[in-house]
Amino acid sequence: MSRPHAFSPLVIRGRSLLPIVQGGMGVGISAKQLAGAVAREGGVGTVASVDLRHLHEDLLADAANLEGQDGINRLNRIALDREVKGALQRADGHGMVAVNIMKAVDDHAALVRQACESGAHAVVMGAGLPLDLPEMTVDHPDVALIPILSESRGIGIVLKRWMKKGRLPDAIVIEHPNHAGGHLGAASIAGVGDAKFDFARVLEETFELFKGLGLERERIPLIVAGGVNSHQKVQTYLNDYGASGVQIGTAFAVTSDGDAHINFKRTLAGAKREDIVEFMSVAGLPARGILTPFLKSYLKREDKLQANAKADPARCTQALNCLSVCGLRDGLSKVGQFCIDLKLAAAFRGETSKGLFFRGAEPLPFGDAIKSARETIHYFLTGEKPLDLHGA
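Residues numbered from 1 in each chain as written. Predicted model: local features only at pLDDT ≥ 70, side-chain atom pairs only at ≥ 80, totals over all residues. Heavy atoms only, no water.

Draft legend 1. Main features of the overall build of the protein chain. For the protein chain, the count of helices and strands is 14 helices and 13 strands. On C-alpha atoms alone, the protein chain measures out to a radius of gyration of 20 Å, which is about the 21 Å that the 2.2 N^0.38 rule sets for 392 residues. Seen through its principal axes, the protein chain has C-alpha atoms that stretch 55 × 55 × 40 Å. Split into buried and exposed, the 392 residues of the protein chain put 57% on the buried side. Of the contacts formed within the protein chain by residues at least 6 apart in sequence, a portion of 65% connects residues at least 24 apart. Within the protein chain, one finds 45 positive and 44 negative side-chain charges whose respective centroids are separated by 2 Å. (Helix = DSSP H or I, 4+ residues; strand = E, 2+ residues; numbered from the N terminus. Rg over C-alpha atoms; globule rule 2.2 N^0.38 Å. Buried < 20%, exposed > 50% of the residue type's maximum accessible area, 1.4 Å probe, protein only. Contact = heavy atoms within 4.5 Å. Lys, Arg positive; Asp, Glu negative; His and termini not counted. Charge placed at Lys NZ, Arg CZ, Asp CG, Glu CD.)

Below, the structure written as structure tokens:
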């Protein structure tokens, strides 16, 4: 468990936690090892649910003999069950183990049910408005529900819809698309820097929204995400802005506890600001990642590929149909034209020439050094870096 710090606990569904949430990162970047390590320290460790079969050789072997998405979805739910239970075992009764599920994933409702049945303490949902999350979890009333949103208008829509169902979010993650990695909560690349996403503004507007809805300011913890890369920012967001916690992704992805290949961690840790770009994902959302050989090549060919976009189920070569809306399969000419599952899985395996490496925009607190989840949490809470990094 982490040493003492000066911040108030993050309280979610009666659990008193460190105000540190590890963001969900797929494919396979945050699974049982990382989520369990963060939870063991008393924070919120998050398993990313997307296509976890890639972490299990027996399930990959089974998938090779299957046809159609139903069988692959079943294998992914088996993998999710293993990862949640593994994270809980590693947490050893500490912290909270959450599962991040993208609304944009076609099998999201079944993944929600599986997460609950496997014993996850919380379900976190973004990449779309999770308006029906309460219905999906009706048989598991003790599971915390945490939507990811980016601005107060979306928060208001979710709150009002959920309140009609007699349910409130147990916390809300507010993710800034100008700083976060992976899929971003803006309509376009040009819109990621819109002032409506500024943390101070969103928090103030959300507290006003609470007031208008008759909710106490402290009723729903607000967790800011995106660009959290220093102890000073944690102080600002928690002490000055009124947030209850921070969500951190990239800094945890590169830890020794992270589930991905060491090449993945080195690629993220060694990236400079000029190596990080925004582009349109196949999911129809802006995304942020590193200009590795695949992404450089793809972006050079993007206009041509988009001009030749064509709705064709055969373009999903895995027959996985992982996304409800896929630019490649559905012929959407304004969004991505590549198989995101194959590219994220290659990144997980450390294939630097083939993979798509999602990353946040900001420098990492330990530079290119790879440290443990425990050391990372301790730094964010206290400002104390590992002894061998003093002066770094």
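Having seen the structure, we can now continue with the description.
Draft legend 2. Examining the packing of aromatic side chains more closely. For the coordinates displayed, the defined rule picks out 9 aromatic pairs. Summarising the aromatic geometry, the rings of Tyr298 and Phe338 are spaced 4.9 Å apart at their centres and angled 75° between planes, so their arrangement reads as edge-to-face. One end of the pair, Tyr298, is in helix H11 (residues 293-307); the other, Phe338, is in the loop between helix H12 (327-330) and helix H13 (340-348), and 40 residues separate them in sequence. Taking the centre distance of 5.4 Å and the plane angle of 55° together, the rings of Tyr379 and Phe380 count as tilted. The residues Tyr379 and Phe380 share a single accessibility class, namely buried. Each member of the aromatic cluster is reached from another via a ring pair, and the members are Phe199, Tyr237 and Tyr241. Over the ring of Phe207 we find Arg217, and its NZ or CZ is 3.7 Å from the ring centre. (Phe/Tyr/Trp six-rings, centres within 6.5 Å; stacked < 30°, edge-to-face > 60°. Lys NZ or Arg CZ within 6 Å of the ring centre and 35° of its normal.)

Draft legend 3. Up close: the pattern of salt bridges. Using the criterion set out here, one finds 16 salt bridges in the structure. Here Arg53 and Asp51 are joined by a salt bridge, their closest N and O atoms 2.5 Å apart. Note on accessibility: Arg53 and Asp51 belong to one class, buried. Measuring nitrogen to oxygen at the nearest pair gives 2.8 Å for the salt bridge that ties Lys103 to Asp132. On the criterion of sequence distance, the pair formed by Lys103 in the loop between strand S5 (96-102) and helix H4 (108-117) and Asp132 in the loop between strand S6 (122-126) and helix H5 (133-136) is long-range, its members being 29 residues apart. For Asp132, a relative accessible area of 29% translates into the label partly exposed. Within the structure, one salt-bridge network assembled from shared partners comprises Arg13, Arg167 and Asp170. (Salt bridge = Lys/Arg side-chain N within 4 Å of Asp/Glu carboxyl O.)

Draft legend 4. Local environment of H13. In terms of burial, H13 is largely enclosed, as 7 of its 9 residues are buried. The set of residues buried in H13 consists of Ile340, Asp341, Leu344, Ala345, Ala346, Ala347 and Phe348. A positive phi of about 85° marks Gly350, the residue just after H13.

Draft legend 5. View of the nonpolar core. In this structure, Val123 and Val246 are the most contacted members of the largest nonpolar core, which totals 86 residues. Beyond its immediate chain neighbours, meaning those up to four positions away, Val123 contacts Val99, Ile101, Val112, Ala115, Cys116, Leu133, Val143, Ala144, Leu145 and Ile146. Within the second largest apolar cluster, 17 residues are counted, among which are Phe279, Leu323, Ile340 and Leu356. (Core = buried A, V, L, I, M, F, W, Y, C linked by side-chain atoms within 4.5 Å.)

Draft legend 6. Examining the side chain of Glu41 more closely. Considering the arrangement of structural elements, one finds Glu41 in the loop between helix H1 (32-40) and strand S4 (44-48). Within the structure, Glu41 has its side chain in polar contact with the side chain of Arg374 (distance 2.9 Å). (Polar contact = N/O pair within 3.5 Å; in protein donor to acceptor, adjacent residues only side chain to side chain.)

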